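Chain and residue survey
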Amino acid sequence: MLCAVYKSPKKAETYLFVERRDDFSRVPASLMETFGTPQLAMMLNLANKVRLGISDIDKVREALRTQGFYLQLPPPPKNLLKEHLARQVAERGGE
């Protein structure tokens, strides 16, 4: 299963997988508007891949089959304050 992967010029670390290069016919217009003008990042053969960076490859394949696209969003940002407070509590012996 070959697919094209595009990055968003508007949203950092946001990627759109589509079945065919430059074919956005199955992607909702509202998503395309928010995504911006797609910039080709790579062509990817999902048939010989076992895993992807942050997306579940089975979910990507299924989304491409059923809806014709998959939107990969960036992971949520770390809450550094929460991590710091948890570390402080741990250092104090779990108060």
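For the structure itself, look to the data block above.
Residues numbered from 1 in each chain as written. Predicted model: local features only at pLDDT ≥ 70, side-chain atom pairs only at ≥ 80, totals over all residues. Heavy atoms only, no water.

1. Here we look at helix α3 (residues 80–91)
So the rule is basically this: Helix and strand definitions follow DSSP, with helices as H or I runs of at least four residues and strands as E runs of at least two, each counted in order from the N terminus. Expected helix span is taken as 1.5 Å per residue step, with the number of steps being one fewer than the number of residues. Pairs of N or O atoms within 3.5 Å make up the polar contacts considered here, provided that, within protein, one atom can donate a hydrogen while the other can accept it, and that residues adjacent in sequence are counted only when both atoms are side-chain atoms.
Here α3 is twelve residues long and its end C-alpha atoms lie 16 Å apart, about the 16 Å a rise of 1.5 Å per residue gives. The N-capping residue of α3, defined by a side-chain oxygen 3.3 Å from the backbone nitrogen of L81, is N79. Directly after α3, the chain includes G93, whose backbone phi takes a positive value near 90°.

2. Details of the pattern of salt bridges
Just so we agree on the cut-off: Note on definitions: salt bridges are taken to be side-chain nitrogens of Lys or Arg within 4 Å of carboxyl oxygens of Asp or Glu. For every residue, the accessible area (1.4 Å probe, protein chains only) is compared with the maximum for its type, and the residue is labelled buried under 20%, exposed over 50%, or partly exposed between those bounds.
Going through the model one piece at a time under the given rule, you end up with four salt bridges. Here E19 and R26 are joined by a salt bridge, their closest N and O atoms 3.1 Å apart. Here E19 falls in the partly exposed class, since its relative accessible area comes to 26%. A salt bridge links D23 to R20; the shortest N-O distance between them is 3.6 Å.

3. Re the sheet that holds strand β4 (residues 69–72)
In sheet architecture, strand pairing relies on hydrogen bonds along the backbone and comes in two forms, parallel and antiparallel. Applied cut-off: Paired strands, as defined in this entry, are two strands with at least two bridges between them according to DSSP. Geometry is summarised by axes, namely lines fitted to C-alpha atoms with helices restricted to the contacting stretch, and by angles between N-to-C directions that run from 0 to 180 degrees.
Across the sheet, which stays open at both edges, the four strands sit in the order β3-β1-β2-β4 with antiparallel pairing between neighbours. Two strands in the sheet have a free side with no partner beyond their single neighbour: β3 (39–45) and β4. Neighbouring strand axes in the sheet, compared pairwise and without regard to direction, differ in orientation by 20° on average. Where strand β1 (residues 2–7) lies against β3, six bridges are found, and the strand directions are antiparallel. Across the sheet, residue Y6 finds its bridge partner in β3, namely L40.

4. Some words on the environment of K11
On the secondary structure map, K11 appears in the loop between β1 and β2 (15–18). Taking the C-alpha atoms as reference points, K11 and L80, separated by 69 residues in sequence, lie 22 Å from one another.

5. Considerations on the pairing of β1
Both β1 and β2 contribute to a ladder of four bridges, which runs antiparallel. Pairing of V5 across the sheet is with F17, part of β2.

6. Regarding the packing of aromatic side chains
To be explicit about the condition: Two aromatic rings from Phe, Tyr or Trp, using only the six-membered ring of Trp, form a pair when their centres are within 6.5 Å; if the ring planes differ by under 30 degrees the pair is stacked, by over 60 it is edge-to-face, and anything between is tilted.
Across all of its chains, the model carries two aromatic pairs by this definition. Taking the centre distance of 4.9 Å and the plane angle of 65° together, the rings of Y6 and F24 count as edge-to-face. One end of the pair, Y6, is in strand β1; the other, F24, is in the loop between β2 and α1 (29–35), and 18 residues separate them in sequence. Residue Y6 is classed as buried on the basis of its relative accessible area, which comes to 2%. When the ring of F17 is compared with that of Y70, the centres are 5.7 Å apart and the planes differ by 75°; the resulting orientation is edge-to-face. Taken together, the residues F17 in strand β2 and Y70 in strand β4 connect sequence positions 53 residues apart. Classification of F17 by relative accessible area gives buried; the value is 4%.

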